[in-house]
Amino acid sequence: MPQSRPLIHPRSRTRTRSRSRGLDRALACAAAFGGLVALTGCGGSPSASTADSAYKVGVLFPGSLSDDGFMESAYRGYQRAAKEHDGTIAFSKVEQVTTADYEQALVRFATGSDLVISLGGQTDAAVRKVAARFPDVKFAEIGGPADAEPLDNLALYDPQQAEAAYLSGAASALLSKKGTVAFVGGAELPAIVNAAKNFADGARTADPGVKVLAPQYVGDFNDAAKAKQSALADFGAGADVLGQILNLGHKGLAQAAAQSDGSLIGGPIAHPCSSDAAYAGYVETDIGAEIEYAADHLAADTWKAESVHFGLTFDEPHNNIVLCGKPPAATTKKLDELKAKIAAGEIRTR
């Protein structure tokens, strides 16, 4: 059963300040988002109130908090941060926001928050625009373009999914019996395109003779039916192991794998290997650790607009790969070697 690496973060509550806004937290939340048709959730720390907490943090989740992917991984960190900073930081959130509503949601948060966090590269244009309008509010974007530059009040946190994709590609090549592998992404965003490139690089490093099919982009991280069609096309073209960056869409890949006698590498959330035989393993990327990082620094008054690269090169690594079954010792050894080279900077994925 895959085991996630424990996270250890320094916690500091050396500074508290009282800044009551005099509004009941639930009413404030409803007022803030009442005009957004697509917003389905708003809430945060179960006991910290807006009036009593020194800081306010709003988090935009464009997707579902139960997507078994990027958003859910981030939400787990949101919950840990809300528990850790109960009484110091009041958290609020929205989920399943349409592209047209990103900017409005961010503006609503910015009018009553000390820190606004947006999830996913799809929010990049909106968060940059809103951050420029609210120079006194702190912003953080998680998962935007890896080569982007922070603004005076906008921090960029890179989970380095490309590292996980590199390891996924290497594992796929080492596990492939047909010598052909492929990658399926949810959308053709810069971070996902970079991940696809690194999947191919990892596969060819592990096995120079492997064939890597051209990446496919479904257009929706959660559309299992379309993802299944992409996977069936890849399996039909000779691939027998797939890498992916999808949310609920990965269920479509698993269905296609079962029909085609193939397999896939799951993630970013790992599950027991016995739960679905279609999964040859899982890459783990803890997106939520970045919400914790932002909250910790806000509470300690050490937050700054910086570009932070998490993953294997971070102080506490947040990327890993776990294979199911009993892979050959040579396969495990090769993956460990590649992980060590990424951590040491010998292999660069951005």
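Structure: see above.
Residues numbered from 1 in each chain as written. Predicted model: local features only at pLDDT ≥ 70, side-chain atom pairs only at ≥ 80, totals over all residues. Heavy atoms only, no water.

Visitor: Describe the state of the cysteines, and please don't skip the residues or the numbers.
Guide: One pass over the structure, following the stated rule, counts one disulfide. The disulfide partner of Cys 273 is Cys 324, and the gap between their sulfur atoms is 2.0 Å. The sign of the S-S torsion, about -80 degrees, decides the handedness of the disulfide formed by Cys 273 and Cys 324: left-handed. Of the two residues, Cys 273 sits in the loop between strand S10 (263-266) and strand S11 (279-285) while Cys 324 sits in the loop between strand S13 (319-323) and helix H10 (329-343), which places them 51 residues apart along the sequence. Residue Cys 324 is classed as buried on the basis of its relative accessible area, which comes to 16%. (Disulfide = S-S within 2.5 Å. Helix = DSSP H or I, 4+ residues; strand = E, 2+ residues; numbered from the N terminus. Buried < 20%, exposed > 50% of the residue type's maximum accessible area, 1.4 Å probe, protein only.)

Visitor: Which residues make up the environment of Gly 281, and what are the values?
Guide: Position of Gly 281 relative to the elements: it lies in strand S11. Setting aside anything within four residues of it in sequence, one finds Gly 281 in contact with Leu 264, Ile 265, Gly 266, Val 322, Leu 323 and Cys 324. (Contact = heavy atoms within 4.5 Å.)

Visitor: Break down the packing of helix H3 (residues 102-110) against helix H4 (residues 124-133) for me, with residues and values.
Guide: Contact pair H3 / H4: the axes reach a minimum separation of 9 Å and the direction vectors enclose 35 degrees. Crossing hand, H3 versus H4: right-handed. Contacts from Tyr 102, Glu 103, Leu 106, Val 107 and Ala 110 of H3 reach H4 at Ala 126, Val 127, Lys 129, Val 130 and Arg 133. When the residues that make up the contact of H3 with H4 are grouped by side-chain class, the tally is seven nonpolar, no polar and three charged. (Axes fitted to C-alpha atoms, helices over the stretch in contact; angles between N-to-C directions. Left-handed = near helix turned anticlockwise from the far one by under 90°. Nonpolar A, V, L, I, M, F, W, Y, C, P; charged D, E, K, R; others polar.)

Visitor: Could you give an account of the sheet that holds strand S2 (residues 89-95), naming the residues involved and the relevant values?
Guide: The parallel open sheet is built from six strands, whose spatial order is S2-S1-S3-S4-S5-S12. Strands at the two margins of the open sheet, each flanked by one partner only, are S2 and strand S12 (307-309). Averaged over all pairs of adjacent strands, the angle between their axes in this sheet comes to 15 degrees, without regard to strand direction. Note: strand S5 (residues 154-158) against S12, three bridges, orientation parallel. Residue Leu 156 lies in a different strand from S12, and its bridge partner there is Ser 307. Packed onto the sheet, H3 meets strand S1 (55-61), S2, strand S3 (115-119) and strand S4 (138-142) and runs at close to 170 degrees relative to S1. (Pairing = 2+ DSSP bridges.)

Visitor: Residues and numbers for the pattern of salt bridges, please.
Guide: In the structure shown here, the tally under the stated rule is seven salt bridges. Measuring nitrogen to oxygen at the nearest pair gives 2.9 Å for the salt bridge that ties Glu 292 to Arg 80. Placement of the pair is Glu 292 in helix H9 (residues 288-299) and Arg 80 in helix H2 (residues 70-84), with a sequence separation of 212 residues. For Arg 128, the salt bridge goes to Asp 124, with nearest N and O atoms at 3.2 Å. Taken together, the positions of Arg 128 and Asp 124, both in helix H4 and four residues apart, correspond to about one turn of that helix. (Salt bridge = Lys/Arg side-chain N within 4 Å of Asp/Glu carboxyl O.)

Visitor: Describe the environment of Phe 235, naming the residues involved and giving the relevant values.
Guide: Locating Phe 235 in the fold gives a position in helix H7 (residues 224-236). Overall, Phe 235 belongs to the buried group, its relative accessible area being 7%. When the C-alpha positions of Phe 235 and Ala 257 are compared, they lie 7.8 Å apart, and in sequence the two are 22 residues distant. Among all residues touching Phe 235, those that are not within four sequence positions of it are Asp 240, Val 241, Leu 242, Leu 253, Ala 256, Ala 257, Ser 260, Gly 262 and Ser 263.

Limitation: the analysis is restricted to geometry and does not speak to function.
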